Structures are given as C-alpha cells and as structure tokens.
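Descriptive analysis of the structure
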Amino acid sequence: MLPQDPKYGFVNARLRDQYASLDALCGGLDADSDQLIQTLAGPGYVYGGELNCFTAAPEP
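Everything numeric here is computed off the predicted structure, so don't read it as measured data.

Turning our attention to the side chain of Ser33. Relative to the assigned elements, Ser33 resides in helix H3 (residues 33–41). You can call Ser33 buried: its relative accessible area is 18%.

Shown next as structure tokens:
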C-alpha cells in the first residue's frame with residue numbers, strides 16, 4: 001500500500017528497485033495509476049515510461 005501522501009522519492013525507489021513499470025508498481029501496491037500520476041503532478045512531477053520514473057515537469 002502506498003503512503004497516504006505518496007512522495008516522489010518513495011515511488012521512484014520502488015520503480016527503480018522492484019517494479020519494471022508504473023502499472024506493475026500500482027498492481028503490486030494496490031494503487032490507482034491515474035490517481036498517482038495526478039497526485040505527483042501537483043508538486044510538478046511527470047511519469048516517463050521510457051525511464052520508468054517520475055521527473056520534474058519541464059518548464060513551459
């Protein structure tokens with residue numbers, strides 16, 4: 001289960017160390033990928049599937 005307030009570092013560590021994709025992470029932790037993407041978008045992070053991690057969103 002994800003922490004109530006998922007942190008960027010927690011999610012990226014799991015993606016790096018345990019899960020090959022965001023869908024695999026969410027399946028393994030019983031989390032909703034769309035909700036996680038929206039939650040981390042608030043502080044300015046976007047998911048990049050090619051790197052399998054969240055990074056800071058590019059400046060407009």
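This part covers the confidence of the model for the chain. Summary statistics for the chain give a mean pLDDT of 89 and a share of 90% for residues scoring 70 or more. No element of the chain has a lower mean pLDDT than helix H1 (residues 8–17), at 92, and none a higher one than helix H2 (residues 22–28), at 97.

Pairing analysis gives four bridges linking strand S1 (residues 45–48) to strand S2 (residues 53–56), with the strands arranged antiparallel. Paired with Tyr45 across the two strands is Ala56, which belongs to S2. Between S1 and S2, which follow one another and run antiparallel, lie four residues, and Asn52 among them has a positive phi close to 55 degrees.

Calculation rules
- Residues numbered from 1 in each chain as written.
- Predicted model: local features only at pLDDT ≥ 70, side-chain atom pairs only at ≥ 80, totals over all residues.
- Heavy atoms only, no water.
- Helix = DSSP H or I, 4+ residues; strand = E, 2+ residues; numbered from the N terminus.
- Buried < 20%, exposed > 50% of the residue type's maximum accessible area, 1.4 Å probe, protein only.
- pLDDT = per-residue confidence, 0-100.
- Pairing = 2+ DSSP bridges.

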